[in-house]
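Chain and residue survey
One-letter residues, chain by chain:
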Amino acid sequence: MKSARFLAGVLFLVGLIVVLRVSSIGGEAGDNLPIRLYVREMPLKILGKEVKVMEIAQESGAEGFDPQTSQGFDVEVVNQLKEPTSIHWHGILLPAPMDGVPYVNQEPIPPNGTMTYKFPLKQSGTYWMHSHFGLQEQTLNSAPLILQSEEQKAKADEQYVVLLSDFSFKPPGQILKELKSGMKKMKSGSSMNQMPKKEKLIAQKWDDGAQRFVPATVEEELPDTDFKYDALIANRRTLEDPEVFRVKSGHTVLLRMIAGSSATNFFVNTGALTAELTAVDGKDVLPLSGNYFQLGIAQRIDLLVKIPDEGGVFPVLAQGEGTRQQCGVVLATEGETVSKLPIQAEFATAGLDNTQELKLTAKNPLPEKPVDRSLPCVLGGSMADYNWTINGLAYPNDKSLDVKEGERVEILIRNDTAMSHPMHLHGHDVQVVEIDGKKLNGALRDTLIIPPKSATKVIFDANNPGIWAFHCHILYHLASGMFTVLKYQGADTEFWKPEKTLSELAPSGQ
Ligand SMILES: [Cu+2]
């Protein structure tokens, strides 16, 4: 009896050791869940100067996190900053309490504090994460978030992520102060009776004959932008020292481009490589060819390219809207020497417009259904007073856009201002169905560029109850009022404290 129990004990221990061993050598990332993401300062050299920026990184130093869709999201955020933070999972369909927006979905995470985010994943594709606290996004508090699946892995022979950003040596609080003080108005003179000065700019055009997007020169007024940055960066590097991806001849390469910039829209130029635009905001579209694409703030585009059999060096450049500044990465086959690329393009770019959006078709559109509710969203404000509004109101206020669970909802977003706004609805995929009165079966998105004096209608299904941020993704517009919430009837509003919102601006506001 005794020896039988002893044997059983030994067998149990052996079994346990085998199980432990298997789980410790298992290759899947999911075996190590939860992933710990540290929000912390990091040194960075930009244009020869050492600066301190922020990062969201794993213990290994890897930026961000690529969860397997099948295993779900399971992350502990550890705040190692000297100020509070709050990380938002941009574009992810998740339960509202997991959305990471301070004073809407949670309290900020204090210094040395942690918070766990755990939920099943319903999507796969190109997403990103960033601080939703104060102006931290400008200090590069952002990282890629690629939702991986077998389908995603099969999309190309090689895949690379390119996170674009804008960088200034000025602290973000000072940038906001300058914008609010009306310095911009003095410089631009656009509010005075001066003739608008037209110049040669590069815009995106659809070449009907070749059926592709191409760059084209236009004579136009330089578009209004918020702020002149010191540098544009791709994966935290300028073109003085760009990231070089060593690719194989003949391979297909998927570039997941993310505009993680605070106030810069981009044009992406694949140069000699013809790209297929296969997804926007992580959601598949019917493929469109070209070598010149629009990428608004907080949006993503997936570009599929084929490296020619003879190999070579292929820069992929991202130029800021209304500037000559550019950044990028280089695809190069083994043995090829990469020569220096200019930080300034020959011509500035025009403003983003609806050229690309009008051509996009969702691969998986929303099912046809009558609209139950129509919500207005009029964007207002100007550079002069730098007070940005939604439906005439600047945030903080306690007005919300209200819906009921189960409704098909449409929002008509009308931009009455002189500049474009990247509007982001949290927790939902919306489908573009109309642009300036023209009906279309457009892309599914989470972030929409609404060009000046333009109107876009989107639809979505109210199937994710709670309270959700809905705002302009230009960081300084968001901090100057262009923010509201979408609220489901009966939503838990425990954390919604509009009056506390501006207190966030103090820590990094300096
Ligand atoms: Cu805006």
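Residues numbered from 1 in each chain as written. Predicted model: local features only at pLDDT ≥ 70, side-chain atom pairs only at ≥ 80, totals over all residues. Heavy atoms only, no water.

**With respect to the overall build of the chain**
Tallying secondary structure elements over the chain gives seven helices and 32 strands in all. Here the chain has a C-alpha radius of gyration of 24 Å; the compact-globule value for 510 residues is 24 Å, and the two agree. Principal-axis analysis of the C-alpha atoms gives the chain an extent of 100 × 60 × 50 Å. Each of the 510 residues in the chain was classed as buried or not, and the buried ones make up 58%. Restricting to contacts in the chain with at least 6 residues of sequence separation, those with at least 24 account for 76%. Approximately 21,500 Å² of the chain is accessible, and the part contributed by carbon and sulfur atoms is 54%. (Helix = DSSP H or I, 4+ residues; strand = E, 2+ residues; numbered from the N terminus. Rg over C-alpha atoms; globule rule 2.2 N^0.38 Å. Buried < 20%, exposed > 50% of the residue type's maximum accessible area, 1.4 Å probe, protein only. Contact = heavy atoms within 4.5 Å. Areas by Shrake-Rupley, 256 points an atom, 1.4 Å probe, with all protein chains shown as cover.)

**Concerning the coordination of the copper ion**
Ligation of the copper ion by protein atoms is provided by His421 (ND1), Cys472 (SG) and His477 (ND1), these donors lying 2.0 to 2.1 Å from the ion. For the copper ion, the single-chain donor residues occur in sequence as H-x50-C-x4-H. On the criterion of sequence distance, the pair formed by histidine 421 in strand S25 (residues 421-425) and cysteine 472 in strand S31 (residues 467-472) is long-range, its members being 51 residues apart. A relative accessible area of 0% means that histidine 421 is categorised as buried. (Donors = N, O, S within 2.8 Å, 3.2 Å for Na, K, Ca; no water.)

**A few points about the sheet that holds strand S2 (residues 49-57)**
Sheet architecture is open: four strands sit in the order S2-S1-S3-S5, paired in mixed fashion. Pairing within the sheet leaves two strands with one partner each, and these edge strands are S2 and strand S5 (114-119). Along the sheet, successive strands turn relative to each other by an average axial angle of 25°, direction set aside. In this structure, strand S3 (residues 73-79) lies alongside S5, joined through six bridges in antiparallel fashion. When the bridges of S5 are listed, valine 75 appears paired with tyrosine 117. (Pairing = 2+ DSSP bridges. Axes fitted to C-alpha atoms, helices over the stretch in contact; angles between N-to-C directions.)

**Digging into the side chain of asparagine 397**
By the secondary structure assignment, asparagine 397 is in the loop between strand S22 (389-390) and strand S23 (400-403). Exposure remark for asparagine 397: the relative accessible area of 15% places this residue in the buried category. Among the polar contacts listed, one links the side chain of asparagine 397 to the backbone oxygen of alanine 394, at a separation of 3.1 Å. One polar contact links the side chain of asparagine 397 to the main-chain amide nitrogen of lysine 399, over a distance of 2.9 Å. Not counting the four nearest positions on each side in its chain, asparagine 397 is found in contact with Trp496 and Pro498. (Polar contact = N/O pair within 3.5 Å; in protein donor to acceptor, adjacent residues only side chain to side chain.)

**Thoughts on the pattern of salt bridges**
Going through the model one piece at a time under the given rule, you end up with 29 salt bridges. Linking glutamate 178 and lysine 170 is a salt bridge whose minimum nitrogen-to-oxygen distance equals 3.0 Å. Taking the relative accessible area as the measure of exposure, glutamate 178 reaches 16% and is therefore buried. As a salt-bridge pair, aspartate 398 and lysine 399 come within 3.9 Å of each other at their nearest N and O atoms. We note that aspartate 398, like lysine 399, is exposed. Through salt bridges with shared partners, a single network forms among Asp281, Lys283, Arg300, Glu357, Asp429, Arg445 and Asp446. (Salt bridge = Lys/Arg side-chain N within 4 Å of Asp/Glu carboxyl O.)

**Some thoughts on the packing of aromatic side chains**
Taken as a whole and judged by the stated rule, the model has 12 aromatic pairs. Above the plane of the ring of phenylalanine 169 lies lysine 49, whose end atom (NZ or CZ) is 4.2 Å from the centre. (Phe/Tyr/Trp six-rings, centres within 6.5 Å; stacked < 30°, edge-to-face > 60°. Lys NZ or Arg CZ within 6 Å of the ring centre and 35° of its normal.)

**Quick look at the pairing of S31**
Among the six residues of S31, six are classified as buried, and the element is accordingly described as predominantly covered. Sheet topology note: the S25/S31 ladder contains three bridges and is antiparallel. Its bridge partner lying in S31, methionine 423 is registered against cysteine 472. Sheet analysis places S31 next to strand S32 (residues 483-488), joined by five bridges and oriented antiparallel. Opposite histidine 471, over in S32, you have phenylalanine 483 as the bridge partner.

**Let's talk about the environment of lysine 170**
As for its position among the elements, lysine 170 is in the loop between strand S8 (158-167) and helix H3 (172-180). A C-alpha to C-alpha distance of 9.1 Å links lysine 170 and tyrosine 229, two positions 59 residues apart in sequence. Residues in contact with lysine 170, not counting those within four places in the same chain, are Ile175, Glu178, Phe227 and Asp230. A distance of 3.0 Å separates a polar atom in the side chain of lysine 170 from a polar atom in the side chain of glutamate 178.

**Topic: the sheet that holds strand S17 (residues 292-295)**
Within a sheet, each strand pairs with its neighbour through backbone hydrogen bonds, oriented either parallel or antiparallel. Taking strand neighbours across the sheet as the criterion, the five strands line up as S12-S20-S19-S14-S17 in an open arrangement whose pairing is mixed. Strands with a single pairing partner mark the edges of an open sheet, and in this sheet they are strand S12 (244-247) and S17. Taken over all neighbouring pairs, the strand axes of this sheet differ in orientation by 20° on average, direction set aside. Direction of pairing for strand S14 (residues 266-269) relative to S17: antiparallel, over a ladder of four bridges.

**Overview of unusual backbone geometry**
Residues tyrosine 395 and proline 396 are joined by a peptide bond in cis, for which omega reads 5°. Examined against the element boundaries, proline 396 turns out to sit in the loop between S22 and S23. Of note in this structure, leucine 47 is not a glycine but carries a positive phi near 50°. Examined against the element boundaries, leucine 47 turns out to sit in the loop between strand S1 (35-46) and S2. By relative accessible area, leucine 47 is classed as partly exposed at 33%. Residues other than glycine seldom take positive phi values, yet alanine 298 does so here, at roughly 75°.

**Overview of the nonpolar core**
Residues Trp89, Met423 and Tyr476 are the most contacted members of the largest nonpolar core, which totals 82 residues. Top element by residues in this core is S31. It accounts for five residues. Other than its neighbours up to four places away in sequence, tryptophan 89 contacts Leu37, Phe73, Val75, Val77, Leu94, Met98, Asp99, Tyr117, Trp128, Met129 and Leu145. (Core = buried A, V, L, I, M, F, W, Y, C linked by side-chain atoms within 4.5 Å.)

**As for the environment of leucine 295**
Looking at the secondary structure, you find leucine 295 in strand S17. Apart from residues lying up to four places away in sequence, leucine 295 is in contact with Leu164, Met257, Ile258, Ala259, Asn265, Phe266, Val268, Arg300, Ile301 and Leu352.

**Considering the confidence of the model for the chain**
Mean pLDDT over the chain stands at 92; residues scoring 70 or higher make up 90%. Across residues 6-30, where pLDDT falls below 50, the model places six contacts with residues more than four positions away in sequence or in other chains. (pLDDT = per-residue confidence, 0-100.)

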